[in-house]
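What follows is each chain in one-letter form.
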Amino acid sequence: MRKIIILGSTGSVGKAAFDFISKNKKDFEVVCLVASSNEKVINKQAEKYVNCKTYLENPKKANYSKKSLTKDKLLELIASNKVDTVIAAISGSKGLDLIHHSISCGKRVLIANKEPLVMAGEFLINETQKSGAEIIPIDSEHCAIHQIIKGRDLDSISKIILTCSGGPFHSLSRNKFKVITKKQALNHPVWKMGSKITIDSSTLMNKALEIIEAKFLFEIEHKKIEAIIHPESLIHSFVEFDDGTILASMAEPDMKIPISYGLSYPKTKKNGLKKIDMTQLKELTFKKIDRIKFPSIDFAYFAIEKGKGMPIFLNAANEVAVNHFLKDNIQFLDIYRLISVVLEYADKNNIKLSSVSLESIQDFNKEAIKISNHISEQLIK
Ligand SMILES: NC(=O)c1ccc[n+]([C@@H]2O[C@H](COP(=O)([O-])OP(=O)(O)OC[C@H]3O[C@@H](n4cnc5c(N)ncnc54)[C@H](OP(=O)(O)O)[C@@H]3O)[C@@H](O)[C@H]2O)c1
């Protein structure tokens, strides 16, 4: 019986994980649920498990539930033998401290929440090696790669090719980008996701973050990581090996499939989810990403090459930009403008992460957010 905590249980990935687990109660038990402020959903979820605790980071009222824990008690619970698996599905950089704590406590951590890996990937992987924790990516592309490279000689990988749907705008001409509305950007053609990642998918910043995520997770040189558009979203990534073989991993675009993989690993269990019927497939198409239209991909390589905290700046600038876009403070193209100006500022002013610890990464992130907010205020004027 796996004993599970879901971080971000009220969000898109968290709900998918909760539903999947609740349909497989003989193998899994939810021992704690974590969210920001959504009392209604978290309380309803917690009712399904007698011993399930809850934690809200920003509750609207204290003691919102008899089952609620304080932060200290939550950290204690994660560290205890009452928990063996943590599903990390908080959105954005806010997920970093609980992912770090879960890793330090030697747990199996199923990570959907990519931003902490972008900010602190190398550090988190080192912590995993020290504590004996296990990271299993459930971001669908990285989960696909995890499956493909299992048991392979990693030195023989010549390329990792991340696929992406291309979002709603991959066929739109660049001159129409300036009139893209929030409603259009939130209308993802394939996935139903939280608003932050949906905007990231429309700008292809999601793919930029995933390039950095892949570099850290698989400890592979960034020059060997590419991304291509695959609108059908059935192949979740490719790995090319030195002998010319390319392996792909296919599945329906449903987050419950990587969640099922991560929970059952190293076994593969029946999960009752929809399978691809190859005889019904009409076509599988692929196209190059237009890097003029989508500068996000170049931002990712720039941040990796600069290193020393530049991925933290990239992530912070993007979080600030998406937040403003969702509040209608800036236009779609301003997202790229803001990120570009912030990266240039950090580079020109030689702002670097000098030491690597959770505290120093968090402090550096606060500084990056402050600078991004400052630059965005000038952009909004
Ligand atoms: N959605 C997908 O299909 C998908 C696929 C691959 C990867 N991912 C990644 O998975 C992560 C989650 O995405 P999502 O689409 O599920 O996001 P989402 O729907 O916006 O859900 C975010 C969850 O995080 C919680 N949360 C936010 N701030 C928190 C805080 N400070 N402390 C504790 N909980 C907090 C929210 O709680 P409240 O409800 O109370 O606000 C909610 O439960 C992201 O990093 C995303 O990039 C998502």
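Basis of the calculations
Residues numbered from 1 in each chain as written. Predicted model: local features only at pLDDT ≥ 70, side-chain atom pairs only at ≥ 80, totals over all residues. Heavy atoms only, no water. Pairing = 2+ DSSP bridges. Helix = DSSP H or I, 4+ residues; strand = E, 2+ residues; numbered from the N terminus. Axes fitted to C-alpha atoms, helices over the stretch in contact; angles between N-to-C directions. Buried < 20%, exposed > 50% of the residue type's maximum accessible area, 1.4 Å probe, protein only. Contact = heavy atoms within 4.5 Å. Near = heavy atom within 4 Å. Polar contact = N/O pair within 3.5 Å; in protein donor to acceptor, adjacent residues only side chain to side chain. Areas by Shrake-Rupley, 256 points an atom, 1.4 Å probe, with all protein chains shown as cover. Nonpolar A, V, L, I, M, F, W, Y, C, P; charged D, E, K, R; others polar. Parallel < 35°, antiparallel > 145°, perpendicular 65-115°, else oblique. Left-handed = near helix turned anticlockwise from the far one by under 90°.

(A) Looking closely at the sheet that holds strand β3 (residues 53–56). If you trace the six strands from one edge of the open sheet to the other, you get β3-β2-β1-β4-β5-β6, paired in parallel fashion. Edge positions in the sheet fall to β3 and β6 (134–137), since each has one partner strand and no second. The average angle at which neighbouring strand axes cross in this sheet is 20°, direction not considered. Where strand β2 (residues 28–35) lies against β3, four bridges are found, and the strand directions are parallel. Bridging from a neighbouring strand, Val34 pairs with Tyr55 of β3.

(B) Looking closely at helix α1 (residues 12–22). For α1, the buried fraction is high: eight of the eleven residues fall into the buried class. Listed as buried for α1 are Val13, Gly14, Ala16, Ala17, Phe18, Phe20, Ile21 and Ser22. Next to the buried residues of α1 lie β1 (2–7), β2, α2 (39–46), β4 (85–88) and α10 (256–264).

(C) Broad picture of the site of the ligand. Around the ligand, 26 residues are found, and the nearest of them are Thr10, Ser37, Asn38, Glu115 and Gly194. Between the ligand and the protein, one listed contact pairs an oxygen atom with a backbone N or O atom of Asn38 at 2.8 Å. Contact between the ligand and Asn113: an oxygen atom at 3.1 Å from a side-chain N or O atom of the residue. Computed on the free molecule, the ligand has an accessible area of 910 Å², of which 87% lies beneath the protein chains in the complex. Counting only elements with at least two residues in the shell around the ligand, the list comes to α1, β2 and α5 (114–131). Its residues placed into classes, the shell around the ligand shows nine nonpolar, twelve polar and five charged.

(D) Broad picture of the packing of helix α9 (residues 205–217) against helix α12 (residues 310–326). For the pair α9 and α12, the least separation of the axes is 11 Å and the interaxial angle reads 155°. When the axes of α9 and α12 are compared, the pair comes out roughly antiparallel. The hand of the α9/α12 crossing is left-handed. Where α9 approaches α12, its residues Met205, Leu209 and Ile212 are matched on the opposing element by Pro311, Leu314, Asn315 and Asn318. Residues that form the contact of α9 with α12 fall into these classes: five nonpolar, two polar and no charged.

None of this, on its own, says anything about what the molecule does.
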